[in-house]
Amino acid sequence: KAELEKLRYEVEAAMKQADEQASALGKIQAKGSETSDRLEEVSRKFRDLQQDQLSETTMLRGRIENAVGERQESMSQFETIQLLLKEEQGRRAAELASVSARIEGSGRRLA
């Protein structure tokens, strides 16, 4: 009978240990599942962030290309205006020389 009691005690101890291990395993599985869920959430957020950055980069590139195009157009217009101004200055200088020559000629005739 003592041997039977010892055997029952060992079986109960083994069952208790098995229950504790099963409980610990359940907790580990729950933590693993929780960690997996968190990892999926972080991965999703990372993909969303990458997509947002790609969209923003694409938008900024478009703005930069537009600004460069506008600058080039402005520079071209500026160069055209400079050329027209130089032409006008040349015409006015020629007119001034012509008027000066006439005044000088008139002054000689009057003298």
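In this text, all values refer to a predicted model and were calculated from it rather than measured experimentally.

### Points about the overall build of the protein
Looking only at helices and strands, the protein has one helix and zero strands in total. Computed over the C-alpha atoms, the radius of gyration of the protein is 47 Å, more than 25% above the 13 Å expected from 2.2 N^0.38 for a compact globule of 111 residues. Dimensions of the protein, computed from C-alpha atoms along their principal axes, come out at roughly 160 × 20 × 10 Å. Counting every position in the protein, which comprises 111 residues, the buried fraction comes to 1%. Summed over its atoms, the accessible surface of the protein is roughly 10,500 Å², and 57% of this surface lies on carbon and sulfur atoms. With 19 positive and 21 negative side-chain charges, the protein shows a spacing of 8 Å between the two charge centroids.

### Digging into the environment of Glu-104
With respect to the helices, strands and loops of the structure, Glu-104 is situated in helix H1 (residues 2-110). On the basis of relative accessible area, Glu-104 is assigned to the partly exposed category, the value being 47%. Spatially, the C-alpha atom of Glu-104 lies 146 Å from that of Glu-3, the residues being 101 residues apart in sequence.

### Some points on the environment of Arg-63
Position of Arg-63 among the secondary structure elements: in helix H1. A C-alpha to C-alpha distance of 66 Å links Arg-63 and Ala-18, two positions 45 residues apart in sequence.

### Observations concerning the pattern of salt bridges
Taken as a whole and judged by the stated rule, the model has eight salt bridges. The salt bridge partner of Arg-38 is Glu-34, with a shortest N-O separation of 2.8 Å. Remark: Glu-34 and Arg-38 occur in helix H1; sequence separation between them is four residues, near one turn of the helix. Note on Glu-34: relative accessible area 33%, which makes it partly exposed. A salt bridge links Arg-61 to Glu-65, with the nearest nitrogen and oxygen atoms 3.1 Å apart.

### With respect to a nonpolar patch on the surface
On the surface, a nonpolar cluster with roughly 400 Å² of combined accessible area is contributed by Leu-4, Leu-7, Val-11 and Met-15. Considering the arrangement of structural elements, one finds Leu-4 in helix H1.

### What to know about the environment of Thr-80
You can see Thr-80 is positioned in helix H1. When its relative accessible area of 43% is taken as the criterion, Thr-80 is described as partly exposed.

Definitions and cut-offs
For every chain, the first residue of its written sequence is number 1, and the numbers climb from 1 along that sequence. Per-residue local features are limited, in this predicted model, to residues with pLDDT of at least 70; the limit for side-chain atom pairs, both in listing and counting, is 80 or more; totals at the level of whole chains, interfaces and linings are taken over all residues. With hydrogens and water stripped out, all remaining heavy atoms of the structure feed into the side-chain values. Under the DSSP-based scheme used, a helix requires at least four consecutive residues in state H or I and a strand at least two consecutive residues in state E, with every element numbered from the N terminus. In this setup the radius of gyration rests on C-alpha atoms only. A globule is expected at 2.2 Å times the number of residues raised to 0.38. Burial classes: relative accessible area under 20% of the type maximum marks a residue as buried, over 50% as exposed, and values in between as partly exposed (1.4 Å probe, protein chains only). Throughout, the Shrake-Rupley method with a 1.4 Å probe supplies accessible areas, and for residues the shown protein chains are the sole cover considered. Only four residue types enter the charge count, namely Lys and Arg as positive and Asp and Glu as negative; His and the chain termini do not. Every charge is mapped to an atom, namely NZ of Lys, CZ of Arg, CG of Asp or CD of Glu. For salt bridges, the criterion is a side-chain nitrogen of Lys or Arg within 4 Å of an Asp or Glu carboxyl oxygen. Note on patches: the residues involved have over 30% relative accessible area and no salt bridge, like charges join within 9 Å, and the nonpolar side chains Val, Leu, Ile, Met, Phe, Trp and Tyr join within 5 Å.

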